Amino acid sequence: MSYDPLNTPNHPDAAHPASAGTAPHPGTPATPNPPDSAPEAPHLDFAGSTPYEDYVHADVLTHLQELRSEDPGEMVFLVTTQVMELWFTVLVHEWETAARALREDELPRALDALRRSRRELEALNASWLPLAGLTPAQFNSYRGALGEGSGFQSAMYRRLEFLLGEKSAAMLVPHKGTARAHAELEKALHEPGLYDEALRFLARRGHPVPHSVLDRDLSRRYEPSEQVEAVWAEIYRGDQRGEEVRLGEALTDVGELVWRWRNDHLTATRRAMGSKQGTGGSAGVAWLEKRATKSVFPELWTARGRV
């Protein structure tokens, strides 16, 4: 119950309901209060599920948590992991949208998607906060429940990495038992990634991107090129308000936040398990350290030293 000073016996206006409200300025005639107008009540009775449920599927989302231990900390670990999977899905959608827009020479639409993805990456990175302070004992209390499960087995994260140029046919193998995930990954493996489409866009704008890069085997990891570095360096020497510079900066924002994601992952893992082997047979911290040293869209970083 809320506290209302006018309903207390000791308040001087308690016995005079008419005096409640805003007192008129001395010398001005009192005006009657407007008639009561009750706000429109929300709809509560639906023939089936609510429209909100039909759109969000909240009942499905909030009942996907199947805990495998008695430790109360497992819930936040599981939900945080599921939230990350949803952000991976959003980012894949944004980067596929940006790649398609670049392929169709619609730079403003591509930049819009890349800008959205920057905010979404910041939200993804903030997902580490609930797990960032895990001690080894706290993590060990439910780590065994993970069995052979490991984050590197995430199909959606693998699609995200493929879009960033980190292609590997071997990473389809863990998903051979899941038909849809395997088919989506195989398709993504052979398609141009986000950076491929950006370089093709620059080539159509007249920049000397080498054919060895434009015609490369798309199923393999992108390797840095000195000629591409020279292209970006020339772009950055030019009009700082030009479209190509804005594209470079939007991609650099993505690259920086992906680097931060990898380093936050590394830090959280170091705190929770030190240098022990990771789940699923991964090398744990050693593997994450190697990943954290790699730059996304490498020439965008090295070209800056040539400007």
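Per chain, residue numbering runs from 1 following the sequence as it is written. Under the rules for a predicted model, residues below a pLDDT of 70 receive no local features and side-chain atom pairs below 80 are neither given nor counted, while totals for whole chains, interfaces and linings still include all residues. Excluded from the side-chain calculations are hydrogens and water; all other atoms, namely the structure's heavy atoms, are used.

J.: Please explain helix α3 (residues 74-103) as it appears in this structure.
T.: For the α-helix, the turn length of 3.6 residues means that residues three or four positions removed from each other point alike. Only DSSP runs of H or I covering at least 4 residues are called helices, and only runs of E covering at least 2 are called strands; the numbering of each starts at the N terminus. Each residue after the first adds 1.5 Å to the expected span of a helix. Taking 1.5 Å per residue, 30 residues should reach 44 Å; α3 reaches 43 Å between its end C-alpha atoms and fits that length. Looking at the residues trailing α3, positive phi occurs at Asp 105, about 60 degrees.

J.: Even after reading the chapter, I still don't get the pattern of salt bridges, so can you show me in this structure?
T.: When the charged atoms of two side chains lie near each other, side chains of opposite charge can form a pair. One side-chain nitrogen of Lys or Arg within 4 Å of one carboxyl oxygen of Asp or Glu is enough to make a salt bridge. Using the criterion set out here, one finds 21 salt bridges in the structure. Of the charged contacts in the structure, one is a salt bridge between Glu 122 and Arg 118, with a shortest N-O distance of 3.7 Å. Here Arg 118 and Glu 122 lie together in helix α4 (residues 107-126), a separation of 4 residues that amounts to about one turn. According to the relative accessible area criterion, Glu 122 is partly exposed, its value standing at 38%. Each residue's exposure class comes from its accessible area (1.4 Å probe, protein chains only) as a fraction of the maximum for that residue type: buried when under 20%, exposed when over 50%, partly exposed otherwise. With a relative accessible area of 37%, Arg 118 lands in the partly exposed category. Each of Glu 96, Arg 159 and Glu 184 takes part in one network of salt bridges that share partners.

J.: Would you explain the environment of Thr 80 in this entry?
T.: Structurally, the position occupied by Thr 80 is in helix α3. Residue classification places Thr 80 among the buried residues on the basis of a relative accessible area of 7%. Thr 80 sits 49 residues away from Leu 129 along the chain, and the two C-alpha atoms are 9.4 Å apart. Here, residues are in contact when the closest pair of their heavy atoms is within 4.5 Å. Once residues lying within four places of it in the same chain are set aside, the contact partners of Thr 80 are Ser 127, Pro 130 and Leu 131.

J.: In this structure, what is going on with helix α10 (residues 226-237)? I would like to understand it.
T.: In a regular helix each residue adds 1.5 Å, so 12 residues correspond to 16 Å; α10 covers 17 Å between its end C-alpha atoms and thus fits that length. The elements touched by buried residues of α10 are α8 (194-204), α9 (211-214), α11 (243-273) and α13 (298-302).

J.: Just checking my understanding: could you explain the environment of Ser 295 for this structure?
T.: Relative to the helices and strands, Ser 295 resides in the loop between α12 (285-292) and α13. The partly exposed category is assigned to Ser 295, whose relative accessible area is 39%. Note: C-alpha distance between Ser 295 and Val 258 (37 residues apart in sequence) is 8.6 Å.

J.: Can you walk me through the environment of Met 84 in this structure?
T.: Looking at where Met 84 falls in the secondary structure, it is placed in helix α3. For Met 84, a relative accessible area of 7% puts it in the buried group. Note: C-alpha distance between Met 84 and Trp 128 (44 residues apart in sequence) is 9.0 Å. Not counting residues up to four positions away in its chain, the partners in contact with Met 84 are Leu 124, Ser 127, Trp 128 and Trp 261.

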